[in-house]
Amino acid sequence: MLYLILLHEAPGGSTHRAAARPEHLARLEALRDAGRLVLAGPLPAVDDHDPGAAGFLGSAIVAAFADLDAAREWAEADPYRAAGVTAEVSVFPFRQVLP
(Lines give C-alpha, C1' and ligand atoms only; values in the text may rest on other atoms or scores of the structure.)
Protein backbone atom coordinates (compact mmCIF):
# COMPACT_ATOMS: atom_id res chain seq x y z
CA MET A 1 0.00 0.00 0.00
CA LEU A 2 1.06 3.61 -0.49
CA TYR A 3 1.81 5.96 2.41
CA LEU A 4 2.21 9.72 2.60
CA ILE A 5 5.12 10.67 4.82
CA LEU A 6 5.46 14.25 6.05
CA LEU A 7 8.76 15.23 7.61
CA HIS A 8 8.02 18.42 9.60
CA GLU A 9 10.96 20.81 9.74
CA ALA A 10 12.52 21.51 13.14
CA PRO A 11 13.13 25.13 14.15
CA GLY A 12 16.49 25.92 12.57
CA GLY A 13 16.42 22.57 10.78
CA SER A 14 17.31 24.11 7.45
CA THR A 15 20.82 24.81 8.76
CA HIS A 16 21.41 21.03 8.95
CA ARG A 17 19.65 20.11 5.69
CA ALA A 18 22.63 20.32 3.30
CA ALA A 19 24.85 18.04 5.39
CA ALA A 20 22.17 15.33 5.73
CA ARG A 21 20.81 15.63 2.18
CA PRO A 22 23.10 13.11 0.40
CA GLU A 23 22.15 10.30 2.79
CA HIS A 24 18.48 11.34 2.71
CA LEU A 25 18.49 11.26 -1.11
CA ALA A 26 20.29 7.89 -1.17
CA ARG A 27 17.41 6.32 0.80
CA LEU A 28 14.87 7.86 -1.58
CA GLU A 29 16.85 6.64 -4.59
CA ALA A 30 16.81 3.12 -3.11
CA LEU A 31 13.00 3.30 -2.89
CA ARG A 32 12.88 4.58 -6.48
CA ASP A 33 15.17 1.84 -7.72
CA ALA A 34 12.95 -0.75 -6.02
CA GLY A 35 9.91 0.70 -7.84
CA ARG A 36 8.32 1.86 -4.58
CA LEU A 37 8.66 5.67 -4.78
CA VAL A 38 5.79 7.69 -6.26
CA LEU A 39 7.07 11.18 -5.40
CA ALA A 40 9.30 13.07 -3.00
CA GLY A 41 10.29 16.66 -2.46
CA PRO A 42 10.70 19.58 -0.08
CA LEU A 43 7.92 21.92 1.06
CA PRO A 44 9.16 25.52 0.61
CA ALA A 45 8.07 27.91 3.36
CA VAL A 46 7.19 30.55 0.75
CA ASP A 47 5.65 30.42 -2.72
CA ASP A 48 8.95 30.13 -4.56
CA HIS A 49 11.01 27.29 -6.03
CA ASP A 50 14.00 28.54 -4.04
CA PRO A 51 12.74 29.80 -0.67
CA GLY A 52 16.11 31.28 0.30
CA ALA A 53 16.28 32.37 3.93
CA ALA A 54 12.61 31.37 4.48
CA GLY A 55 13.71 27.73 4.23
CA PHE A 56 11.39 24.76 4.19
CA LEU A 57 8.41 23.52 6.18
CA GLY A 58 9.60 19.96 5.69
CA SER A 59 9.40 17.25 3.06
CA ALA A 60 6.72 15.03 1.54
CA ILE A 61 7.18 11.46 0.34
CA VAL A 62 4.67 9.03 -1.17
CA ALA A 63 5.97 5.47 -1.34
CA ALA A 64 4.89 1.84 -1.04
CA PHE A 65 5.49 -0.08 2.18
CA ALA A 66 4.24 -3.41 3.51
CA ASP A 67 2.15 -1.70 6.17
CA LEU A 68 1.77 1.45 8.26
CA ASP A 69 4.30 0.28 10.86
CA ALA A 70 6.93 -0.32 8.17
CA ALA A 71 6.31 3.15 6.71
CA ARG A 72 6.61 4.77 10.16
CA GLU A 73 9.80 2.84 10.93
CA TRP A 74 11.34 3.89 7.61
CA ALA A 75 10.34 7.54 8.15
CA GLU A 76 11.69 7.69 11.70
CA ALA A 77 15.05 6.36 10.45
CA ASP A 78 15.43 9.15 7.89
CA PRO A 79 18.78 10.95 8.12
CA TYR A 80 16.96 14.29 8.36
CA ARG A 81 15.46 13.05 11.64
CA ALA A 82 18.84 12.10 13.11
CA ALA A 83 20.47 15.34 11.92
CA GLY A 84 17.86 17.58 13.53
CA VAL A 85 16.33 18.75 10.25
CA THR A 86 13.04 17.00 11.06
CA ALA A 87 11.25 17.62 14.35
CA GLU A 88 8.23 15.39 13.78
CA VAL A 89 7.11 12.69 11.37
CA SER A 90 3.53 12.06 10.21
CA VAL A 91 2.57 8.98 8.19
CA PHE A 92 -0.81 8.40 6.54
CA PRO A 93 -2.19 5.63 4.33
CA PHE A 94 -2.53 7.07 0.84
CA ARG A 95 -4.77 6.02 -2.02
CA GLN A 96 -3.59 7.35 -5.37
CA VAL A 97 -6.43 8.26 -7.71
CA LEU A 98 -4.59 10.25 -10.41
CA PRO A 99 -2.53 9.93 -12.48
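Reference entry: report on the structure contained in this document. (Residues numbered from 1 in each chain as written. Predicted model: local features only at pLDDT ≥ 70, side-chain atom pairs only at ≥ 80, totals over all residues. Heavy atoms only, no water.)

## Re helix α1 (residues 14-33)
Point 1. Compared with the 28 Å implied by 1.5 Å per residue over 20 residues, the 27 Å span of α1 between its first and last C-alpha is a close match.
Point 2. The largest bend along α1 measures about 60° and falls at A20, with the proline P22 one to four residues further on.
Point 3. Residues of α1 that are buried: R17, A20, H24, R27, L28 and L31.
Point 4. Elements in contact with the buried residues of α1: β1 (2-9), β2 (37-44), β3 (56-64), α2 (68-76) and α3 (79-82).
Point 5. Phi turns positive one or two residues past the end of α1, at G35, with a value near 75°. (Helix = DSSP H or I, 4+ residues; strand = E, 2+ residues; numbered from the N terminus. Expected span 1.5 Å × (residues − 1). Bend = angle between axes of the 7 residues up to and from the residue. Buried < 20%, exposed > 50% of the residue type's maximum accessible area, 1.4 Å probe, protein only. Contact = heavy atoms within 4.5 Å.)

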